[in-house]
Amino acid sequence: MNVIQSRFGEIEYDPQAVLHFPHGLIGFEDLRDFVVMPNEKDGPLFWIQSVEDAQVALVLTDPTNFFPTYMVEPEVHERKVLGMEGEDKWHALVVVTVDTDRKVTLNLVAPILFAPHTNRAIQVILESSGYSIQTPLPVIEQSAGKPNAKSGEGASEKTVARG
Amino acid sequence: MLVLTRKVGEGIIIGDDIKLTVVEIKGGTVRIGIDAPQDKKIYREELYAQIKAQNRSSTGWTLDDLSLLSGTISRKSEENK
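Calculation rules
Residues numbered from 1 in each chain as written. Chains lettered and ligands numbered in written order. Predicted model: local features only at pLDDT ≥ 70, side-chain atom pairs only at ≥ 80, totals over all residues. Heavy atoms only, no water. Helix = DSSP H or I, 4+ residues; strand = E, 2+ residues; numbered from the N terminus. Contact = heavy atoms within 4.5 Å. Rg over C-alpha atoms; globule rule 2.2 N^0.38 Å. Buried < 20%, exposed > 50% of the residue type's maximum accessible area, 1.4 Å probe, protein only. Areas by Shrake-Rupley, 256 points an atom, 1.4 Å probe, with all protein chains shown as cover. Lys, Arg positive; Asp, Glu negative; His and termini not counted. Charge placed at Lys NZ, Arg CZ, Asp CG, Glu CD. Polar contact = N/O pair within 3.5 Å; in protein donor to acceptor, adjacent residues only side chain to side chain. pLDDT = per-residue confidence, 0-100. Salt bridge = Lys/Arg side-chain N within 4 Å of Asp/Glu carboxyl O. Core = buried A, V, L, I, M, F, W, Y, C linked by side-chain atoms within 4.5 Å. Phe/Tyr/Trp six-rings, centres within 6.5 Å; stacked < 30°, edge-to-face > 60°.

Concerning the overall build of chain A
For chain A, the count of helices and strands is two helices and eleven strands. Ordering the α and β elements of chain A from the N terminus gives β-β-β-β-β-β-α-β-β-β-β-β-α. When contacts within chain A are restricted to residue pairs at least 6 apart in sequence, long-range pairs at least 24 apart make up 49% of them.

What about the overall build of chain B?
The secondary structure content of chain B amounts to two helices and three strands. For 81 residues, the compact-globule estimate of 2.2 N^0.38 gives 12 Å, and the C-alpha radius of gyration of chain B, at 22 Å, exceeds that figure by more than 25%. With the principal axes as the frame, chain B shows a C-alpha extent of 60 × 30 × 30 Å. A total of 81 residues make up chain B; the buried ones form 21% of that total. In the structure as shown, chain B presents an accessible area of about 5900 Å², 54% of it carried by carbon and sulfur atoms. Charge-centre separation for chain B: the mean point of 13 positive side chains lies 4 Å from the mean point of 12 negative side chains.

Considerations on the side chain of Ser129(A)
Residue position: Ser129(A) is located in the loop between strand E10 (120–123) and strand E11 (135–136). A distance of 3.1 Å separates a polar side-chain atom of Ser129(A) from the backbone nitrogen of Tyr131(A).

A few points about the confidence of the model for chain A
Considering every residue of chain A, the mean pLDDT works out to 84; 85% of them sit at 70 or more. Within the model, pLDDT remains below 50 along residues 143–163 of chain A, and this stretch shows 19 contacts once partners closer than five positions in the same chain are excluded.

A few points about the interface of chain A and chain B
Facing 47 residues of chain A, the contacting portion of chain B comprises 35 residues. Here Glu127(A) makes a salt bridge to Arg44(B), at a shortest N to O gap of 2.9 Å. For the side of chain A that touches chain B, the secondary structure elements donating two or more residues are strand E5 (45–50), strand E6 (57–61), helix H1 (76–82), strand E7 (91–98) and strand E8 (104–106) of chain A. With four residues, the single largest contributor to the side of chain A that touches chain B is E7(A).

Details of the pattern of salt bridges
A side chain with one charge can pair with a side chain of the opposite charge if their charged atoms come near. All names here are of chain B. Inspection of the entire model under this criterion finds three salt bridges over all chains. A salt bridge links Arg 6 to Glu 10; its shortest N-O distance comes to 3.3 Å. Assessed through its relative accessible area of 35%, Arg 6 is described here as partly exposed.

Details of the nonpolar core
One finds Trp47(A), Tyr70(A), Leu106(A) and Ile51(B) to be the most contacted residues of the largest nonpolar core, which totals 42 residues. Examining the composition of this core, we find that four residues originate from one element, E7(A), more than from any other. Residues Phe28(A), Phe34(A), Ile48(A) and Phe114(A) belong to the second largest nonpolar core, which totals 16 residues.

Quick look at the packing of aromatic side chains
Residues and elements named next belong to chain A. Per the counting criterion, the structure on display carries six aromatic pairs over all chains. Consider the rings of Phe 21 and Phe 34, whose centres lie 5.2 Å apart with planes at 70°: the pair is edge-to-face. Pair noted here: Phe 21 is in the loop between strand E3 (19–20) and strand E4 (33–37) and Phe 34 is in strand E4, with a separation of 13 residues, a long-range link. Relative accessible area serves as the criterion here: at 0%, Phe 21 is assigned to the buried category. On the accessibility criterion, Phe 34 (0% relative accessible area) is buried. Ring centres 5.1 Å apart and planes at 55° place the aromatic pair Tyr 70 and Tyr 131 in the tilted group. Separated by 61 residues along the polypeptide, Tyr 70 in the loop between E6 and H1 and Tyr 131 in the loop between E10 and E11 bring together distant segments of the chain.

Regarding the environment of Tyr43(B)
Topologically, Tyr43(B) is positioned in the loop between strand E3 (29–35) and helix H1 (45–57). Put simply, Tyr43(B) and Val8(B) are 35 residues apart on the chain and 22 Å apart in space, counted from C-alpha to C-alpha. Setting aside residues up to four positions removed in sequence, Tyr43(B) forms contacts with Ile125(A), Glu127(A) and Tyr48(B).

Here is the structure:
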């Protein structure tokens, strides 16, 4: 086991189990290795801590928890970077932003494709996807009096409509 | 910076495998066609800058945020299923 420092204190990790980004993350191109940290509470959020920079940790989630039809397939060159062969599986994850008033958004434009077989990941950009880099979590309509509330504010936002 | 003047339909070759073509000029907007190998990443500059900034601003959360949100979000995603 190795030990690194983080904003949250000391973290012990298995160097064999790190998530490797051969190209780094966008804006953090030099940071290649991340430790995957399970969330202590239940729920779809988890986080990754940079091995190389104690200050950098990102919250990630599987976007299909919120947008069930969201799907991103790796392109040929991305499969190469991920070391994927044949029918190897992959998962699309997205970066979660928690802003200062605890408003949560998902970056659906720049998903992280993860290949479990090789433990490699790559952040890709979806050009002209119509998604937003600050997609609010879908609003669950609970009030029975507003069955058509969906057609209002969210209608122009493709991501909300898809969710 | 190298600056070249091109007309509609004219192009620019960069290296062996990248070709830019001016497709259309209309008002203050230029449409540019790009032929490049698939592994060359091509993005609109401002989109790339936005994602960079978004990634950077996604590193400011705290463990308190995470545990607080986990409760509300897991409920939401359950309802969504």
